[in-house]
Amino acid sequence: MPALDWQGVLTGQPLQWILSGFLTTLWVTLAGMLLASLLALLFMLLRLSGGRPGNAVVSSWVSLFRNTPLLVQLFFWYFGLPALLPESVVAWLNTEHVLGLGFAQLAWPSFEFIAAIIGMVFYSTAYVGEEIRAGFNGVSHTQIHAGLALGMKRGQVLRYIVLPQALAIIKPALFGQYMNIAKNTSLGMAVGLMELSYRSRQAEAETFMSFQVYGIGTVLYILLVLAIGMAGRKLGRRKVWQGA
C-alpha cells in the first residue's frame, strides 16, 4: 500500500480552507446553541403564562419544525423567503458590508450565514424546547407551592427552585441536542455556507486527496462534539446544575 501524502493538505491554501471552514462551523454551532436555548426558554415561559393560546402557539411551532427536514427548511430560508422580499433588500443582503468602528471593523454576516443560523435555530428550538419542558415537568409541584407559601415571588420560584432542578434533569439530553446542532451545521453547505464540509470539499477538489481531506474534517467534527460533551460533564459537576 503506498504511503499517504499529507503535505499537500496540512500546508498552504487547503489547510487555510479547512481551518476557515472549521471556524465558521464553530461560530454557527455556538450561535445555534445560545439562540435555540434562549428561544426555548421563552417558549417555556409562554407555556407557563400564556394559557391555552400560548400552549397552542408553542405546540404548533414544535410540530411544524420537528416534522419537516432541516434541509428543506434551509432551502426555504435561503431560496424561498427572498422571493417574497423586494429586490433591493435581496441585493443588500447579498452584498458585503463592513462597519468601521475606528479601532476595528465589523463585517455583516453573509446571507448564507444568516439563512443557516435562522434555519438551525428554529429547527433546534423545537427539540431543545421539548427537553426543557420535560425538565420543568420533572420538578415536583409541591416544591413550587412551598416556595410560594414562603412568600417567594413566581420569578424567584422559577429562578431558585424550578430552573436549577430542571437543568440538572435535562443536562444529558440538552447537551445531546447541542451535539446534534454541531453535526447539523454540515447541511449549511447546501445553501452555500462555507463551513467545514464545504471547505473540505473545496480542498479535496483542489488536491484530489480525498482520504486526507475528509479524514481531517472528520477528526475536527469529532473534536468539536467531544468538546461539547466534556463541557456538559463539567457543568454537571457544578452546583448550579444540582439544584443547590
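Just so you know, these numbers come straight off a predicted model, no measurement behind them.

Peer 1: Would you mind showing me how to read helix α5 (residues 111–137) here?
Peer 2: Two residues of an α-helix separated by three or four positions point the same way, owing to the 3.6 residues in each turn. In this model α5 runs 38 Å from its N-terminal to its C-terminal C-alpha over 27 residues, within 8% of the 39 Å that 1.5 Å per residue would give. Along its length, α5 shows its largest kink, about 30 degrees, at Thr-125. In terms of burial, α5 is largely enclosed, as 19 of its 27 residues are buried.

Peer 1: For this particular structure, what's the right way to read the packing of α5 against helix α7 (residues 154–184)?
Peer 2: Between two packed helices, what matters for the description is the angle formed by their axes and the separation of those axes. Two elements in contact, α5 and α7, have axes separated by 8 Å at closest approach and are oriented at 145 degrees. As for the relative orientation of α5 and α7, their crossing is right-handed in sense. Residues Met-120, Tyr-123, Ser-124, Tyr-127, Val-128, Glu-131, Ile-132, Ala-134, Gly-135 and Phe-136 of α5 pack against Leu-158, Val-162, Leu-163, Ala-166, Ile-169, Ile-170, Ala-173, Leu-174, Gln-177, Ile-181 and Asn-184 of α7. Split by residue class, the contact of α5 with α7 holds 16 nonpolar, 4 polar and 1 charged.

Peer 1: Which parts of the structure should I look at to understand the nonpolar core?
Peer 2: When a protein is soluble and globular, its nonpolar side chains tend to lie buried together. Membership of the largest hydrophobic core comes to 34 residues, with the highest contact counts inside it found for Ile-132, Phe-136, Val-162, Tyr-178 and Ile-228. Per element, the largest residue contribution to this core is 10 residues, and it comes from α7. Ignoring sequence-local partners within four residues, the contact set of Tyr-178 consists of Met-33, Ser-37 and Ile-228. Core analysis: the next-biggest nonpolar cluster, separate from the first, contains 10 residues, Trp-17, Leu-196, Ala-203 and Tyr-221 among them.

Peer 1: Sorry, what's going on with the pattern of salt bridges here?
Peer 2: Pairs can form between side chains of opposite charge once their charged atoms are near each other. Summed over the entire model, instances satisfying the criterion amount to 2 salt bridges. Salt-bridge contacts for Glu-130 lead to Arg-47; the nearest nitrogen and oxygen are separated by 3.4 Å. Taken together, the residues span a long stretch of sequence, with Glu-130 in helix α5 and Arg-47 in helix α1 (residues 12–49) at a distance of 83 residues. By relative accessible area, Glu-130 is classed as buried at 18%. Here Glu-130 ties to Arg-133 by a salt bridge, and the two come within 2.9 Å at their closest N and O atoms. With Glu-130 and Arg-133 both in helix α5, this residue pair falls 3 residues apart, about one helical turn. Sharing partners across several salt bridges, the network here consists of Arg-47, Glu-130 and Arg-133.

Peer 1: Quick question: what am I supposed to make of the environment of Ile-222 here?
Peer 2: Looking at where Ile-222 falls in the secondary structure, it is placed in helix α9 (residues 210–236). Sequence separation between Ile-222 and Lys-183 is 39 residues; the distance between their C-alpha atoms is 9.2 Å.

Peer 1: What is the right way to read the packing of aromatic side chains from this model?
Peer 2: Within a pair of aromatic rings, the relevant descriptors are the distance that separates the centres and the angle that separates the planes. Following the criterion strictly, the structure yields 11 aromatic pairs and no others. Taken together, a centroid distance of 5.0 Å and an interplanar angle of 70 degrees make the contact between Phe-43 and Trp-61 edge-to-face. Within this pair, whereas Phe-43 is found in helix α1, its partner Trp-61 is found in helix α2 (residues 51–66), the two being separated by 18 residues in sequence. Here Phe-76 and Trp-77 contribute two aromatic rings whose centre-to-centre distance is 5.0 Å and whose plane-to-plane angle is 75 degrees, an arrangement assigned as edge-to-face. Pairwise contacts between aromatic rings join Phe-43, Trp-61, Phe-65, Phe-76, Trp-77 and Phe-122 into one cluster.

Peer 1: Honestly, the confidence of the model for the chain in this entry has me stumped. Any pointers?
Peer 2: Low-pLDDT portions of the prediction should not be read for the details of their coordinates. When pLDDT is averaged along the chain, the result is 86; 91% of the residues meet or exceed 70. Considering each helix and strand of the chain separately, the mean pLDDT is smallest for strand β1 (residues 98–100), with a value of 64, and largest for helix α3 (residues 70–80), with 95. In this model, residues 240–244 is a region of pLDDT below 50 whose contacts with residues beyond four sequence positions or in other chains number 13 contacts.

Peer 1: What is the right way to read the environment of Ser-124 from this model?
Peer 2: Residue placement: Ser-124 occurs in helix α5. Taking the relative accessible area as the measure of exposure, Ser-124 reaches 5% and is therefore buried. Taking the C-alpha atoms as reference points, Ser-124 and Phe-65, 59 residues apart in sequence, are found 8.3 Å from one another.

Peer 1: I would appreciate a short explanation of a nonpolar patch on the surface in the present structure.
Peer 2: Together, Leu-4, Trp-6, Leu-10 and Phe-211 line one region of the surface with nonpolar side chains, adding up to about 400 Å² of accessible area. Trp-6 sits in the partly exposed class, given a relative accessible area of 32%.

Parameters at a glance
Residues numbered from 1 in each chain as written. Predicted model: local features only at pLDDT ≥ 70, side-chain atom pairs only at ≥ 80, totals over all residues. Heavy atoms only, no water. Helix = DSSP H or I, 4+ residues; strand = E, 2+ residues; numbered from the N terminus. Expected span 1.5 Å × (residues − 1). Bend = angle between axes of the 7 residues up to and from the residue. Buried < 20%, exposed > 50% of the residue type's maximum accessible area, 1.4 Å probe, protein only. Axes fitted to C-alpha atoms, helices over the stretch in contact; angles between N-to-C directions. Left-handed = near helix turned anticlockwise from the far one by under 90°. Contact = heavy atoms within 4.5 Å. Nonpolar A, V, L, I, M, F, W, Y, C, P; charged D, E, K, R; others polar. Core = buried A, V, L, I, M, F, W, Y, C linked by side-chain atoms within 4.5 Å. Salt bridge = Lys/Arg side-chain N within 4 Å of Asp/Glu carboxyl O. Phe/Tyr/Trp six-rings, centres within 6.5 Å; stacked < 30°, edge-to-face > 60°. pLDDT = per-residue confidence, 0-100. Patch = residues over 30% accessible without salt bridge, like charges linked within 9 Å, V, L, I, M, F, W, Y side chains within 5 Å. Areas by Shrake-Rupley, 256 points an atom, 1.4 Å probe, with all protein chains shown as cover.

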